[in-house]
Amino acid sequence: MTRFRSIGTETNAGAEIQSIGMDASRIPEAPPLLGCIADDFTGATDLSGTLVKNGVRTVQMMGVPQSPPPRGIDAIVVALKSRSIAREEAVALSLDALAWLRSAGCRQFLFKYCSTFDSTEQGNIGPVAEALMDKLGTDFTIFCPSFPANGRTVFQGHLFVGRSLLSESGMENHPLNPMLDSSLVRLLQRQTKRTVGLIDYSTVRLGCTGIRNAFAQLQRDGVQMAIADAVCDQDLREIGLAAGEIPLVTGGSGIAIGLAARLRQDGMLLSSPERDPLPKVAGLSAVISGSCSQATQRQVAIMRDHAPSFQIDPLSLASGVDQVDQAMRWASERLQQGPVLVYATTDAAAVKNAQTLLGAKRAGALIEKALADLAVKLVDAGVRRLIVAGGETAGAVLEALGVRGLRIGPEIDPGVPWTFALGERTMALALKSGNFGTPDFFLKAWSMLP
Ligand code: ADP
């Protein structure tokens, strides 16, 4: 039988820290252990994929479900579209997700955001984390966005993308949340009233015990939110092992490697075989891209050389041209021959131009609505294998399609698994975060379906 000690207080390394106190082995009917709240849809599948790869049986729900939680799993990821909405709304949605995950029986919680810490001066990372801490009654959490497999590392509190600082990585041109400061301590401190500190690399290198001691020392120093340096998966493992007793952890999908290690070490993961094999999905194939990130720009350029492609333009949409109808007529004539690409992806100068003329919010919303409407028409026309590029874009598309939950399938590239819609209509979906994937991602993904 599964037994949980309730959230309590435990002495650790000389300081009082809150503990989620999990122990004992689990039976398949036991409630899930880890409840995750992801602030966008591609990030959620990235996290779910990482958990599954690390032996954690995971189901992903789109939005806060109305129904009771599934059983026979170790973790639930609730995917929200809360990254770029108003702060108050993001907080309310995240608290709803937390309440549902608590009712599902989860004992530890992960707030997942982008490994490039996508946010603005107002949030939403700081305010959401703060609200979750308040609700859980905890005074300390960590921020660990590092995702080394995709080149995101944190050193001395500064976020790097490959060899570049975040603010020189192309993310300074993001259409919705340009990242202009690479210091996460500074960035987060501007988003929260709580005191932000750093667990620097020399501490992380000491391993789990050293990191736990640092948690305690930081709390004695009045720090409530600690950025954690991490440059490789081993760092994430040590941080995850150290954070096993913390009720709320925050980070990118990489920290799931550490949290999974902790669950495995404690013998907490289900070991019975999966009940259902992954489905084989027949049907037409399409790519919808609303991401303007550099990796997506390259992927779109390569796919355009190999497959029919149609460009959606915010200025045309704003002037009343029915580009959804045009794209659909165009696609109907080509879908039978192989995958088609419909994209709004463009370079930073064109995005800036559209934003100057329309405003950033309106330009983004016009594109998201057009691509979501198009996705519905494509599925009505028989598309069952769909790749969507862009976090916000994927959120809009999945909401329009009414997809409620996803099972996780094989990984295409780090952070992007194939997923399968739960429900009546079997569909394969790959939700690609802007900067993820190799240049030939849209070409190679199809052969990785079961
Ligand atoms: P990523 O994962 O790369 O961040 P998102 O889909 O999250 O991608 O965000 C990209 C945003 O840019 C979306 O809101 C999208 O509608 C918007 N967008 C896409 N194409 C254009 C364009 N041509 N001009 C202006 N905004 C655009």
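Residues numbered from 1 in each chain as written. Predicted model: local features only at pLDDT ≥ 70, side-chain atom pairs only at ≥ 80, totals over all residues. Heavy atoms only, no water.

Caption draft 1: Looking closely at the site of the ligand. Residues in close proximity to the ligand total 20 residues, the closest being His174, Ser291, Ser293, Glu368 and Thr393. In the model, an oxygen atom of the ligand is placed 2.6 Å from a nitrogen or oxygen of the Ser293 side chain. A distance of 2.8 Å separates an oxygen atom of the ligand from a polar backbone atom of Glu392. For the ligand, the accessible surface in isolation is 570 Å², of which the surrounding protein chains cover 97%. Mapped onto the shell around the ligand, the elements with two or more residues apiece are α13 (360-380) and α14 (391-401). For the shell around the ligand, the element with the most residues is α13, which contributes four residues. Grouping the amino acids of the shell around the ligand by side-chain chemistry returns eight nonpolar, ten polar and two charged. (Near = heavy atom within 4 Å. Polar contact = N/O pair within 3.5 Å; in protein donor to acceptor, adjacent residues only side chain to side chain. Areas by Shrake-Rupley, 256 points an atom, 1.4 Å probe, with all protein chains shown as cover. Helix = DSSP H or I, 4+ residues; strand = E, 2+ residues; numbered from the N terminus. Nonpolar A, V, L, I, M, F, W, Y, C, P; charged D, E, K, R; others polar.)

Caption draft 2: Region of interest: the packing of helix α7 (residues 233-242) against helix α8 (residues 255-265). Contact pair α7 / α8: the axes reach a minimum separation of 7 Å and the direction vectors enclose 55°. Classified by the angle between their axes, α7 and α8 sit oblique to one another. Crossing geometry of α7 relative to α8 is assigned as right-handed. Contacts between α7 and α8 involve Asp233, Leu236, Arg237, Ile239, Gly240 and Leu241 from the first element and Ile255, Ile257, Gly258, Leu259, Ala261, Arg262 and Gln265 from the second. Taken together, the residues of the contact of α7 with α8 sort by class into seven nonpolar, three polar and three charged. (Axes fitted to C-alpha atoms, helices over the stretch in contact; angles between N-to-C directions. Parallel < 35°, antiparallel > 145°, perpendicular 65-115°, else oblique. Left-handed = near helix turned anticlockwise from the far one by under 90°. Contact = heavy atoms within 4.5 Å.)

Caption draft 3: Local environment of the state of the cysteines. Counted under the stated rule, the structure contains zero disulfides. No disulfide involves Cys106; its nearest neighbouring cysteine sulfur is the one of Cys36, lying 7.7 Å away. By relative accessible area, Cys106 is classed as buried at 2%. With no disulfide of its own, Cys292 has Cys114 as its nearest cysteine by sulfur position, at a separation of 15 Å. (Disulfide = S-S within 2.5 Å. Buried < 20%, exposed > 50% of the residue type's maximum accessible area, 1.4 Å probe, protein only.)

Caption draft 4: Region of interest: the pairing of strand β15 (residues 248-251). The alternating pattern of β15 places Leu248 and Thr250 and Val249 and Gly251 on opposite faces, both of which are buried. The pairing of strand β8 (residues 108-112) with β15 spans four bridges and is classified as parallel. In the strand pairing of β15, Leu110 is matched with Val249. Both strand β9 (residues 141-144) and β15 contribute to a ladder of two bridges, which runs parallel. Within β15, the position partnered with Cys144 by the bridge is Gly251. (Pairing = 2+ DSSP bridges.)

Caption draft 5: Region of the structure containing unusual backbone geometry. Here the bond from Gly123 into Asn124 is cis, since omega is 10°, no more than 30 degrees from zero. With respect to the secondary-structure elements, Asn124 resides in the loop between β8 and α3 (125-136). A positive phi is found at Phe117, a non-glycine position, where the angle reads about 55°. Here Phe117 is to be found in the loop between β8 and α3. On the basis of relative accessibility, which here comes to 0%, the residue Phe117 falls in the buried class.

Caption draft 6: Highlighting α14. Among the eleven residues in α14, nine count as buried, and that is most of the element. All buried positions along α14 are accounted for by Gly391, Glu392, Thr393, Ala394, Gly395, Ala396, Val397, Leu398 and Leu401. Looking one or two places after α14, you find Gly402, whose phi comes out positive at around 70°.

Caption draft 7: Fine view of helix α2 (residues 87-103). Between its terminal C-alpha atoms α2 stretches 24 Å, which fits the 24 Å expected from 17 residues at 1.5 Å a residue. Among the structural elements, β5 (34-38), β6 (58-62), β7 (75-79), β8 and α3 are those in contact with the buried residues of α2. Trailing α2 by a residue or two, Gly105 shows a phi angle of about 100°, which is positive. (Expected span 1.5 Å × (residues − 1).)

Caption draft 8: Spatial organisation of the pairing of strand β18 (residues 340-343). Judged by which residues are buried, β18 turns out to be covered on both faces: Val340 and Val342 on one side and Leu341 and Tyr343 on the other are all buried. Strand direction decides the pairing type here: strand β16 (residues 284-289) and β18, joined by four bridges, are parallel. Opposite Val287, over in β18, you have Leu341 as the bridge partner. By the bridge criterion, three bridges tie strand β17 (residues 309-311) to β18 in an arrangement that is parallel. Residue pairing across strands places Gln311 opposite Tyr343, the latter belonging to β18.

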